[in-house]
Amino acid sequence: MKFFIDTANLKEIKEAASMGVLDGVTTNPSLVSKEGHKDFKGMLEEICKIVDGPISAEVVSTDLDGMLKEGYDLAKIHKNITIKVPLIKAGLQACKRFTSEGIKVNVTLCFSPNQALLAAKAGATFISPFVGRLDDISTNGMQLIEEIVVMYENYGYDTEVLVASVRHPMHVVEAAQIGAHVCTMPYKVIEQLIHHPLTDIGLQKFLDDWKKLKG
Ligand code: G3P
């Protein structure tokens, strides 16, 4: 399973990249706004220098012409830029156009199997189902991932299932068990994946025993 980081924080991206576990980056308007990046394109250029993999940049237009204009403009920045469009009618139309021209597309804000099916038919490179936001409304987010993975396998769609809105390590583990292609997660979750109390206790014991030997 590929690991993407879900952030627009350059320090976090650098840190995760240094661990050797990062395959790509996803951003969205909320994440960019949170970091206060006034120069969106400049920020994307910086990210492309740090990570050699798909970098999702989301359009904010909701009509086809606007999405196309924004998307073409963003795609010029770097070959790894993946245009992120919302799962609405214009988003599907834009997806079809971009993919037919070799531009990668991440269709976001997916909350149902039928939406995921439409994105695959429109040629999406990635479909982003939001597991955490479904969990928030007492609906099983990971069940949606299972349903989409089965559907895509049934018909051999190339679209990759990108598990988004990940809130904790178990979302990552379950995504891998189901066989999702990609999981995008906040930096905090990557850190949480590393830690185990028995590792810390075991390491401390090794170091203490080593000190005894040295006198
Ligand atoms: O990038 C989209 C998604 O991961 C957002 O997550 O935590 O705001 O639901 P969240």
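These lines cover the structure that appears in this document, whether it is placed above or below. (Residues numbered from 1 in each chain as written. Predicted model: local features only at pLDDT ≥ 70, side-chain atom pairs only at ≥ 80, totals over all residues. Heavy atoms only, no water.)

**Focus on the sheet that holds strand β6 (residues 126–129)**
And then number 1: Here we have eight strands rolled up into a closed barrel, ordered β1-β2-β3-β4-β5-β6-β7-β8, and parallel in their pairing. Pairwise comparison of adjacent strand axes, ignoring direction, gives a mean angle of 30 degrees for this sheet.
And then number 2: Relative to strand β8 (residues 182–185), strand β7 (residues 160–163) is paired through two bridges, and the arrangement is parallel. Pairing of V163 across the sheet is with C183, part of β8.
And then number 3: Packed on one face of the sheet, helix α4 (residues 64–75) meets β3 (55–58) and β4 (81–86) and runs near 160 degrees to β4. (Pairing = 2+ DSSP bridges. Helix = DSSP H or I, 4+ residues; strand = E, 2+ residues; numbered from the N terminus. Axes fitted to C-alpha atoms, helices over the stretch in contact; angles between N-to-C directions. Contact = heavy atoms within 4.5 Å.)

**Some words on the pattern of salt bridges**
Side-chain pairs of opposite charge can arise whenever the charged atoms involved come near each other.
And then number 1: Taken as a whole, this structure holds nine salt bridges when the rule is applied.
And then number 2: A salt bridge links D52 to K79, with the nearest nitrogen and oxygen atoms 3.9 Å apart. Pair noted here: D52 is in the loop between α3 (40–50) and β3 and K79 is in the loop between α4 and β4, with a separation of 27 residues, a long-range link.
And then number 3: Assessed through its relative accessible area of 67%, D52 is described here as exposed.
And then number 4: With relative accessibility at 62%, the residue K79 sits in the exposed group.
And then number 5: Put simply, K41, D73 and K76 are held in one network by salt bridges that share partners. (Salt bridge = Lys/Arg side-chain N within 4 Å of Asp/Glu carboxyl O. Buried < 20%, exposed > 50% of the residue type's maximum accessible area, 1.4 Å probe, protein only.)

**Thoughts on the layout of surface pockets**
And then number 1: Estimates place the volume of the largest pocket at around 250 Å³.
And then number 2: Lining of the largest pocket is provided by 17 residues; of these, D6, N28, L31, R133 and S165 occupy positions nearest its centre.
And then number 3: Each pocket or cavity is described by its volume, and for the second largest pocket that value is around 150 Å³.
And then number 4: Lining the second largest pocket, in full, are N28, P29, V32, F40, K41, E58, V60, E70, D73 and L74.
And then number 5: Of all the secondary structure elements, the ones that give two or more residues to the lining of the second largest pocket are α2 (29–35), α3 and α4.
And then number 6: In terms of residue class, the lining of the second largest pocket is made up of five nonpolar, one polar and four charged. (1 Å grid on protein atoms, 1.4 Å probe; cavity = no way out; pocket = protein on both sides within 12 Å on 5 of 7 lines; lining within 4 Å. Points joined across faces, edges and corners; volume = space filled by probe spheres on them. Nonpolar A, V, L, I, M, F, W, Y, C, P; charged D, E, K, R; others polar.)

**Thoughts on the side chain of T82**
And then number 1: Examined against the element boundaries, T82 turns out to sit in strand β4.
And then number 2: On the accessibility criterion, T82 (0% relative accessible area) is buried.
And then number 3: In this view, T82 contacts P54, I55, S56, A57, K104, V105, N106 and F126; residues no more than four positions away in its chain are not counted.

**As for the pairing of β4**
And then number 1: Of all six residues in β4, six are buried; the element is thus mostly enclosed.
And then number 2: With four bridges connecting them, β4 and strand β5 (residues 105–110) associate as parallel partners. Across the sheet, V85 pairs through a bridge with V107, a residue of β5.
And then number 3: For the segment spanning β4, helix α5 (residues 89–100) and β5, crossover handedness is right-handed. (Right-handed = clockwise from strand over helix to strand, strands pointing away.)

**Here we look at the packing of aromatic side chains**
And then number 1: The tally for this structure, following the rule as stated, stands at five aromatic pairs.
And then number 2: Centroid distance F4 to F126: 5.7 Å. Interplanar angle 75 degrees. Geometry classified as edge-to-face. Residue F4 is located in strand β1 (residues 2–6), and its partner F126 is located in strand β6; the two are separated by 122 residues in the primary sequence. Exposure class is identical for F4 and F126. Each is buried.
And then number 3: Considering the side-chain rings of Y152 and Y157, the 5.7 Å spacing of their centres and the 70 degrees angle between planes classify their relative orientation as edge-to-face.
And then number 4: For Y157, a relative accessible area of 24% translates into the label partly exposed.
And then number 5: Following the ring pairs from residue to residue traces out a cluster consisting of Y152, Y155 and Y157. (Phe/Tyr/Trp six-rings, centres within 6.5 Å; stacked < 30°, edge-to-face > 60°.)

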